[in-house]
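Structural overview
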Amino acid sequence: MGAGCSSGRMIRVSDSAVPPVAANGTSPNGHFHRNRKCLCIGGTLIDLRQPDSGKLIVEALLRVQEAPARRPGTNITNQVNSRSAAVTKSTGTGLSKSSVGGTKPGGDTGSKGKSKRPPWDLKGRLQDMETLVKSSAEERENLMQKFMDYDLRIESLELEKRSLNQNLEKTQSVSQATQGEVDRLSTNLRNEQDGRSADKRRYESTIQDLEFNKATLERQIKTLESELSARQDELAGLKSTVSHLTSAHAGIEAQLSSTKIMLDDRNKRVSELESQVATQKDTIEDMEKKLRDGENIRRKLHNTVLELKGNIRVFCRVRPLLGEEIKGNGDSDVIHHISFVDEKTLELCKGGDPNSSTMSGLKGRGGGAIEFNYDRVFNPTSSQAEVFEEISQLAQSALDGYNVCVFAYGQTGSGKTFTMEGIHGDETLEGMIPRTVKHIFKSMKDLEDKGWRYKVEASFLEIYNETIRDLLATPKESKNLTYDVKLVDSKKNDTFVTNLKVVEVENESRVHHLLTLAQQQRAVAATNMNERSSRSHSVFRLKLTGHNSKTLECCEGNLNLVDLAGSERLKESGSEGARLTETQNINKSLSNLGNVIMALGQKQSHIPYRNSKLTHLLQNSLGGNSKTLMFVNVSPLEMCFGETLNSLRFATKVNQCHIGTATKQIRK
């Protein structure tokens, strides 16, 4: 509300509808009062800014009209009278003061600061009264003029009042009609609001959903904007890539054109080469056929050569002096009682005995020298590789489907085990067994290109005191098992050992593992002749079963590598107890081996294979269907001259023995 308004609704009205007011804001008849924002009628204050202020003005005017009538100008007259009384009072007071105060020096007069006229100054006091009367007359004239103006104004206001009353009546009628219309419209509005409330709630729900969708869409828009930005960056990168690729494409097209020209030339060349390849393919097929035929011829010739060399071949090997033996020989490694004539001949002499006896196959020389001839003689400086080079052909025969047997014979301490097994872990000192295994697997690999595939089975046993032991079986596995030598077929000499463990091997490392296991279980002991003497005969057997996928040929070969126990004289070995029994059984089995060799050499009808486990097991190797090689190992010690002589004589007997031609074992 505006200033001066305490209550009530307000409306803005034109200044023509409001009677003129005095300077203090009060109407001449005292019925209303107004300022720029409010109108006071009959004590009622109305806010002219309210929309229903017109109605309120009409109601206030009606209340004023119903009040007791007063004479126009009554209030003004009273005010004039009161004003005149006040002026008279003030004039009298001033006169009295003027008369009392007197005048100031210099002729100046005034109500303030004037001295009171003395009572005797009647003339001065009269002048003061005249001045006061003149001013009062002037003021009265002014007031009367104002009274006349007010009366004219009141009359105009009365006319305006009657006009307003008439307008009020019209306004009331219009207001009543308008109020009815307002009520009707209010009712319709309420009904419409009630009818629209459900729609409003629905629309509000719809608005909420739309706002939620809007928020979702805004988030999606932000996401899409970020994706768009990323795609724009990617597009910029792709445009750059396309520009590079376009330039690269031009270069590639140039290369392509040149490449097409080159390709045409290459195609012509390829067609020419294809025709050459077809021709070469036919040639290769012919060569492969010839190669297979040549392989068969090679095998036949290889075995023919070995047959011409003799079925039982004998190699002699003399070991070098070692350690203390060199010191005992005057710090010299020269063997004085053995001389090597050539690769197949050696001489044995014993301190100037020119009339020493000779035997068949031996030639005596002056000075007691005895000459021995074998298929090959290896002196003490010969390496393991040189020795194996001579027997590698026999390993090839085993792959070709023949039975092969290699055994080492000699007195104890002559180097048989070193020759057959060597020193594990040192390639230069590996023996015949590991070298043969390595050679076989290498040859198998080479034969794969010719269509051959082989199955390799290994077994390892020893004959100790005429009892067979399985060196590949653990004590728990061999417990309560008996091992006997049996013939596979009564018509053939092929043998096998019952309950013997046979292990299939795929590579040479597996075979080396089996050899190490067998060495740990083999029976050895110390004697006067050898601190580590083998007290049993060991037999390592490889069974090779081959199949050729191209020729459909099958074969089966056996390779027996035998390390015989050393022969020794009971008197010199100093054996007692168990060692004595071992020596007796060793010498007995070696003696039976000699008897079998003698019977074979003399073509006897009965060959005593069954007199010992050793000869019975080697029946197939000694009986004609095998390629056999014997190593006779000789000690370099002169104190072993007698045993050396016996070993060389036995080897001579074996070398003179012809047991027939070995046949290839074809598997069906």
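An account of the accompanying structure is given in this report. Just so you know, these numbers come straight off a predicted model, no measurement behind them.

**A short note on the overall build of the protein**
- Looking only at helices and strands, one finds 14 helices and 20 strands in the protein.
- Taking the intrachain contacts of the protein between residues at least 6 apart in sequence as the baseline, contacts between residues at least 24 apart amount to 67%.
- By element, 53% of the accessible surface of the protein is carried by carbon and sulfur atoms, the whole surface being about 39,200 Å².

**Notes on the pattern of salt bridges**
- Evaluation of the coordinates by the stated rule reveals 16 salt bridges.
- Where R196 meets D199, a salt bridge forms, and the shortest distance between an N and an O atom there is 3.6 Å. Of the two residues, R196 and D199 both sit in helix 3 (residues 122–309), 3 residues apart, roughly one turn of that helix.
- With its nearest N and O atoms 3.9 Å apart, the salt bridge here joins E324 to K327.

**Let's talk about the pairing of strand 10 (residues 403–410)**
- Burial within strand 10 is extensive, with 8 of its 8 residues counted as buried.
- Note: strand 10 against strand 19 (residues 554–563), 6 bridges, orientation parallel. Considered in strand 19, the bridge of C405 is made with N560.
- When strand 10 meets strand 20 (residues 627–634), the two strands line up parallel, connected through 7 bridges. For V406, the partnering residue across the bridge sits in strand 20 and is L629.

**Some words on helix 5 (residues 384–399)**
- Here helix 5 spans 22 Å end to end across 16 residues, near enough to the 22 Å set by a 1.5 Å rise per residue.
- In the structure, helix 5 departs most strongly from a straight axis at E390, where the bend amounts to approximately 45°.
- Residues Q384, V387, F388, I391, S392, L394, A395, Q396, S397, A398 and L399 constitute the buried set of helix 5.
- Directly beyond the C-terminal end of helix 5, a positive phi value near 105° is found at G401.

**Focus: empty space enclosed by the protein**
- Inspection of the entire model under this criterion finds 4 cavities of 30 Å³ or more.
- In this structure, the largest cavity spans a volume of roughly 100 Å³.
- Only helix 7 (432–447) and helix 9 (508–521) provide two or more residues apiece to the lining of the largest cavity.
- Tallying contributions element by element places helix 9 first for the lining of the largest cavity, with 4 residues.
- A per-class count over the lining of the largest cavity returns 4 nonpolar, 4 polar and 2 charged.

**A closer look at the side chain of D563**
- Mapped onto the secondary structure, D563 falls in strand 19.
- Owing to a relative accessible area of 1%, D563 belongs among the buried residues under this scheme.

**Brief notes about the packing of helix 11 (residues 578–601) against helix 14 (residues 641–655)**
- Here helix 11 crosses helix 14 at 35°, and the two axes come no closer than 9 Å. Judged by the sense of rotation from one axis to the other, the crossing of helix 11 with helix 14 is left-handed. For the pair helix 11 and helix 14, contact is made by L593, G594, I597 and M598 and by F650, K653 and V654, respectively.
- Classifying every residue of the contact of helix 11 with helix 14 gives 5 nonpolar, 1 polar and 1 charged.

**A short note on helix 14**
- Relative to the 21 Å expected for 15 residues at 1.5 Å per residue, helix 14 spans 21 Å between its end C-alpha atoms, a close match to the ideal helical length.
- Considered for burial, the residues of helix 14 that qualify are F641, E643, T644, L645, S647, L648, F650, A651, T652 and V654.
- The elements touched by buried residues of helix 14 are strand 4 (312–318), strand 6 (345–349), strand 8 (369–373), strand 10, helix 11 and strand 20.

**Points about the packing of helix 7 against helix 9**
- Running from N to C, helix 7 and helix 9 cross one another at 160°; their axes reach a closest spacing of 10 Å. Relative to helix 9, the element helix 7 is oriented roughly antiparallel. Crossing angle aside, the handedness with which helix 7 passes helix 9 is right-handed. Side by side, helix 7 and helix 9 meet where I433, P434, V437, K438 and F441 of the first sit next to E508, V511, H512 and L515 of the second.
- A breakdown of the residues in the contact of helix 7 with helix 9 according to their chemical character gives 6 nonpolar, 1 polar and 2 charged.

Definitions and limits used
Residues numbered from 1 in each chain as written. Predicted model: local features only at pLDDT ≥ 70, side-chain atom pairs only at ≥ 80, totals over all residues. Heavy atoms only, no water. Helix = DSSP H or I, 4+ residues; strand = E, 2+ residues; numbered from the N terminus. Contact = heavy atoms within 4.5 Å. Areas by Shrake-Rupley, 256 points an atom, 1.4 Å probe, with all protein chains shown as cover. Salt bridge = Lys/Arg side-chain N within 4 Å of Asp/Glu carboxyl O. Buried < 20%, exposed > 50% of the residue type's maximum accessible area, 1.4 Å probe, protein only. Pairing = 2+ DSSP bridges. Expected span 1.5 Å × (residues − 1). Bend = angle between axes of the 7 residues up to and from the residue. 1 Å grid on protein atoms, 1.4 Å probe; cavity = no way out; pocket = protein on both sides within 12 Å on 5 of 7 lines; lining within 4 Å. Points joined across faces, edges and corners; volume = space filled by probe spheres on them. Nonpolar A, V, L, I, M, F, W, Y, C, P; charged D, E, K, R; others polar. Axes fitted to C-alpha atoms, helices over the stretch in contact; angles between N-to-C directions. Left-handed = near helix turned anticlockwise from the far one by under 90°. Parallel < 35°, antiparallel > 145°, perpendicular 65-115°, else oblique.

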